[in-house]
Amino acid sequence: MSAASSTRELVHPLRAEIRLEGVLHALSDPLRLSIVRDLAGAEGELTCSQIPLPVTKSTTTYHFRVLRESGVIHQFYRGTAKMNGLRRGDLDALFPGLLDCVLEAVRLGGASAR
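Let us look at the structure shown here.

Rules of the game
Per chain, residues are indexed from 1 in the order of the written sequence. In view of the model being predicted, local features appear only for residues whose pLDDT reaches at least 70, and side-chain atom pairs are presented and counted only at 80 or more, with totals across whole chains, interfaces and linings using the full set of residues. Computation of side-chain values covers all heavy atoms of the structure but excludes hydrogens and water. In this description a helix means any DSSP run of H or I spanning at least four residues, a strand means any run of E spanning at least two, and both kinds are numbered starting from the N terminus. Between the first and last residue of a helix there are one fewer steps than residues, each counted as 1.5 Å, and that sum is the expected span. Each residue's exposure class comes from its accessible area (1.4 Å probe, protein chains only) as a fraction of the maximum for that residue type: buried when under 20%, exposed when over 50%, partly exposed otherwise. By the convention used here, residues are in contact when the closest approach between their heavy atoms is within 4.5 Å. We define a polar contact as two N or O atoms separated by no more than 3.5 Å, with the added condition that, inside protein, one atom must be a possible hydrogen donor and the other a possible acceptor, whereas residues neighbouring each other in sequence contribute only through side-chain atom pairs. Criterion used throughout: strands pair if DSSP finds at least two bridges between them. For helices, the fitted axis covers only the stretch in contact; all axes are lines through C-alpha atoms, and the angles between them, taken along N-to-C directions, range from 0 to 180 degrees.

1. Here's the deal with helix 2 (residues 30-41)
Residue pairs three or four apart in sequence face the same way in an α-helix, which turns once every 3.6 residues.
Right, on to step 1. Given a rise of 1.5 Å per residue, 12 residues ought to cover 16 Å, and the 16 Å separating the end C-alpha atoms of helix 2 matches this to within 8%.
Right, on to step 2. Those residues of helix 2 that fall on the buried side of the exposure criterion are Leu 31, Arg 32, Leu 33, Ser 34, Ile 35, Val 36 and Leu 39.
Right, on to step 3. Where the residues of helix 2 are buried, they touch helix 1 (20-27), strand 1 (46-47), helix 3 (57-70), strand 2 (73-78), strand 3 (81-86) and helix 5 (98-108).
Right, on to step 4. The N-capping residue of helix 2, defined by a side-chain oxygen 2.9 Å from the backbone nitrogen of Leu 31, is Asp 29.

What follows is the structure in structure tokens.
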């Protein structure tokens, strides 16, 4: 994993460290899947507060951390806001079509997201 040099930098796995089982685990939770769906539909990065979740702030933080540590999303600070974006390029390079298939299943109602 790439190391954080300050408390404002977040640790993300390098592309080569992203594992399919970790990605699938991250995508297996309905709340995390809804986060991914919202990020996939956004034109750019979103703050955590732009993705409404029916859980406490600490639970929301946990779900974003699982997505980041599995390599599904990239998080960074822009001022005081924590921004979130999909690592679509990395995921598509490692697991071609996986993200699109999962998102299509959600769209068709084959998976629950919220």
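Now that the structure has been shown, we can carry on.
2. A few points about helix 3
Right, on to step 1. Taking 1.5 Å as the rise per residue, helix 3 with 14 residues should run 20 Å; its terminal C-alpha atoms sit 20 Å apart, in good agreement.
Right, on to step 2. Residues Thr 60, His 63, Phe 64, Val 66, Leu 67, Arg 68 and Ser 70 constitute the buried set of helix 3.
Right, on to step 3. Positive backbone phi, at 95°, marks Gly 71, one or two positions downstream of helix 3.

3. Here's the deal with the sheet that holds strand 3
Right, on to step 1. Across the sheet, 3 strands lie side by side as 1-3-2; this open sheet has antiparallel pairing. Across the chains shown, the open sheet's two edge strands, defined by having one partner strand only, are strand 1 and strand 2.
Right, on to step 2. The pairing of strand 1 with strand 3 spans 2 bridges and is classified as antiparallel. Counterpart to Thr 47 in the pairing with strand 3 is Met 83.
Right, on to step 3. Across the face of the sheet, helix 2 comes into contact with strand 1, strand 2 and strand 3 while running at roughly 85° to strand 3.

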